[in-house]
Amino acid sequence: MPPTNKIRLSKSVVGTREAKALSRIILEDGYLGMGKDVQLFEQELKRYFDTEREVICVNSGTAALHLAVMAAVKPADEVLVQSLTYLSSFQAISAAGAIPVPCEIIPETITIDLKDAGRKITNKTRAIMPVHYSGGAGDLNSIYDFAKTHNLRVIEDAAHAFGCVHKGKMIGAFGDICCFSFDGIKNITSGEGGAVVTNDDEVIKFVKDARLLGVQKDTEKRFEGQRSWKFEVTHQGYRYHMSNLFAAIGRVQLSRFPEFKKTRQALAKGYYRKLNNISCLERLNFNYEQIVPHIYPVRILNGKRDALMEYLISKNIECGIHYYPNHLLKFYRNHELKLPVTEELYTQLLSLPLHPDLTQKEQDYVIEQIKNFLT
Ligand SMILES: *Cc1c(COP(=O)(O)O)cnc(C)c1O
């Protein structure tokens, strides 16, 4: 039986507890801007990552990436990044005045291909931005080795990877600069939001000030419910701070994360197991004990992706394509650049519904419809 409601690709799973937290801020606290709840959310995230590294919350994942790039490189510097990523990775780099250099991916993990990245190194290359696609960080250790060899900063786009573990270590708890997103559909949401995690004192100071229009040490004041009336500014800043409203939602979501994690991992394992042995369908092989998948992409071969997608939509199943390659966008296009692996994978990737409210029954229906079409 087809479901009467559309099966959503992704969704915010929020309820009474988040509503109560908002109501506490609005009716009791009365302070909607950046204050105590942001400080508490940062402390709770720090405890969750089990790290001494600093967690700095901002109002989106894109803002986190933008400030991280600004802190790490100068205008006109080049940043290596896979073309197949959310537009946000590219926009964050160009917003900082730096140049995103689109690279190929390794098809098995959809992470940056270091051989290709190596060919694209110039005397202006200053950073690499690995994207933890679906939550998998690929061969992140080799990326750090590569960065060391070429003297590059590493800005991890960990928007998909909240709560993921890489070789026994929590993403965010190690490395150079790590950026998370808490937008509406990510592993946890704060409505909108993001965080920069790092142990680099210069970066910490820059990001803390830059999120508040560049006002020096305003963060400390706001956490005490005060403002700076006489202050100094030495660099460009933005209105990127997180509000108490967003932080209050984020804090509830963080406490619910163990349950979200279990469901996401179980659903991904279910897809992997049940989508075995279907002609024209190739599964990606992630370690679902270690990662908490943000999306569930598969590869549909023989040019059948678009037709399958249309079929699933006709069956009330929403799907997605992660992502349209950025090097094909007018703004970033370079006509000499060819990325054949990326361009081919783009035509094959299809993301299936995945969120903590997806039921077993709905998932079985999705799988049944895929089999109907492909076999
Ligand atoms: C969601 C996302 C971002 C940006 O996060 P926002 O909070 O939506 O600004 C960046 N990179 C990737 C890969 C993402 O999926």
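For clarity, every value in this text was computed on a predicted model and none was experimentally measured. Residue numbers run consecutively from 1 along every chain, following the written order of its sequence. Since the coordinates come from a predicted model, pLDDT governs what is reported: local features require at least 70, and pairs of side-chain atoms require 80 or more to be given and counted, while whole-chain, interface and lining totals use all residues. Working from all heavy atoms in the structure, the side-chain values ignore hydrogens and water.

Here's the deal with the site of the ligand
If even one non-hydrogen atom of a residue comes within 4 Å of a molecule or strand, that residue is called near it. The local shell around the ligand holds 15 residues, among which G61, T62, D157, D183 and K186 are the closest. At 2.5 Å from an oxygen atom of the ligand is found a side-chain nitrogen or oxygen belonging to T62. By the criterion applied in these results, polar contacts are pairs of N or O atoms within 3.5 Å in which, for protein atoms, one can donate a hydrogen and the other can accept it, and in which residues neighboring in sequence qualify only through two side-chain atoms. Residue D183 places a side-chain N or O atom 2.7 Å away from an oxygen atom belonging to the ligand. Areas reported as accessible are Shrake-Rupley estimates using a 1.4 Å probe. Residue values count occlusion only from the protein chains shown. The protein chains hide 94% of the 380 Å² of surface that the ligand would expose on its own. In terms of residue count, the dominant contributor to the shell around the ligand is helix α3 (residues 61-72) (3 residues). Helix and strand assignments follow DSSP, with helices taken as H or I runs no shorter than four residues and strands as E runs no shorter than two, numbered in order from the N terminus.

Some details on empty space enclosed by the protein
Points on a 1 Å grid, built from protein atoms alone, make a cavity when a 1.4 Å probe fits but cannot get out and make a pocket when they are open with protein on both sides within 12 Å along at least 5 of 7 lines; residues with an atom within 4 Å of a point are the lining residues. Grid points are joined across faces, edges and corners, and a volume is the space filled by probe spheres set on the points. One pass over the full model with this rule turns up 1 cavity of 30 Å³ or more. Empty space within the largest cavity amounts to approximately 50 Å³. Along its surface, the largest cavity is lined by 13 residues, and K11, V13, K186, N187 and Q253 are the ones closest to its centre. Amino acid classes used here: Ala, Val, Leu, Ile, Met, Phe, Trp, Tyr, Cys and Pro are nonpolar; Asp, Glu, Lys and Arg are charged; the rest, including Gly, are polar. Taken together, the residues of the lining of the largest cavity break down into 5 nonpolar, 5 polar and 3 charged. Looking at the lining of the largest cavity, you find at least three residues from each of domain 1 (16-252) and domain 2 (256-374). For the domains described, the bounds stem from an automatic or database domain assignment.

Structural notes on the packing of aromatic side chains
What describes a pair of aromatic rings is the distance from one ring centre to the other and the angle between the planes of the rings. For Phe, Tyr and Trp, where Trp contributes only its six-membered ring, two rings pair if their centres lie within 6.5 Å, and the inter-plane angle classes them as stacked under 30 degrees, edge-to-face over 60, or tilted in between. If you walk through the whole model with that rule in mind, you get 19 aromatic pairs. Taking 5.0 Å as the distance between ring centres and 15° as the angle between the ring planes, the aromatic pair formed by Y238 and Y240 counts as stacked. Residue Y238 is classed as partly exposed on the basis of its relative accessible area of 23%. Here the aromatic cluster, defined as three or more aromatic residues joined through ring pairs, consists of F41, Y48, F49, F162, F180, F182 and F257. Accessible area is worked out with a 1.4 Å probe on protein chains only. A residue is then buried under 20% of its type maximum, exposed over 50%, and partly exposed in between.

Details of the domain arrangement of the protein
Domain parsing of the protein yields domain 1 (16-252) and domain 2 (256-374). Placing the centre of domain 1 and that of domain 2 at their C-alpha centroids yields a distance of 25 Å. By definition in these notes, contact holds between two residues if any of their heavy atoms fall within 4.5 Å. With 39 residues of domain 1 in contact, the opposing surface of domain 2 contributes 31 residues. The term salt bridge refers to a pairing of a side-chain nitrogen on Lys or Arg with a carboxyl oxygen on Asp or Glu at a separation within 4 Å. There are 1 salt bridge connecting domain 1 and domain 2. For R256, the salt bridge identified is with E18, shortest N-O distance 2.9 Å. Between the two partners, domain 1 and domain 2, sit 17 residue pairs in polar contact (both at pLDDT 80 or more). Here the side of domain 1 that touches domain 2 is built from residues that sort into 18 nonpolar, 13 polar and 8 charged.

Comments concerning the sheet that holds strand β11 (residues 194-198)
Spatially, β1-β11-β10-β7-β6-β2-β3 is the arrangement adopted by the 7 strands of the open sheet, whose pairing is mixed. On the outer flanks of this sheet lie β1 (54-58) and β3 (99-103), each paired with one strand and no other. For this sheet, the mean angle separating the axes of adjacent strands, direction not counted, is 25°. In this analysis an axis means a line fitted to C-alpha atoms, helices contributing only their contacting stretch, and an angle means the value between N-to-C directions, from 0 to 180 degrees. Of the strands in this sheet, β1, β7 (153-157), β10 (177-181) and β11 touch helix α7 (residues 201-210), which is tilted by about 25° from β1. A pair of strands is labelled paired if DSSP reports no fewer than 2 bridges between them.

Considering the sheet that holds strand β14 (residues 349-352)
Taken in spatial order, the 3 strands make up an open sheet running β12-β13-β14, and their pairing is antiparallel. Each having just a single partner strand, β12 (281-283) and β14 make up the two edges of the open sheet. With direction set aside, neighbouring strand axes in the sheet form an average angle of 40°. In this sheet, β14 lies alongside strand β13 (residues 296-300) in antiparallel orientation, the contact comprising 4 bridges. Note on β14: the bridge partner recorded for R299 is L349.

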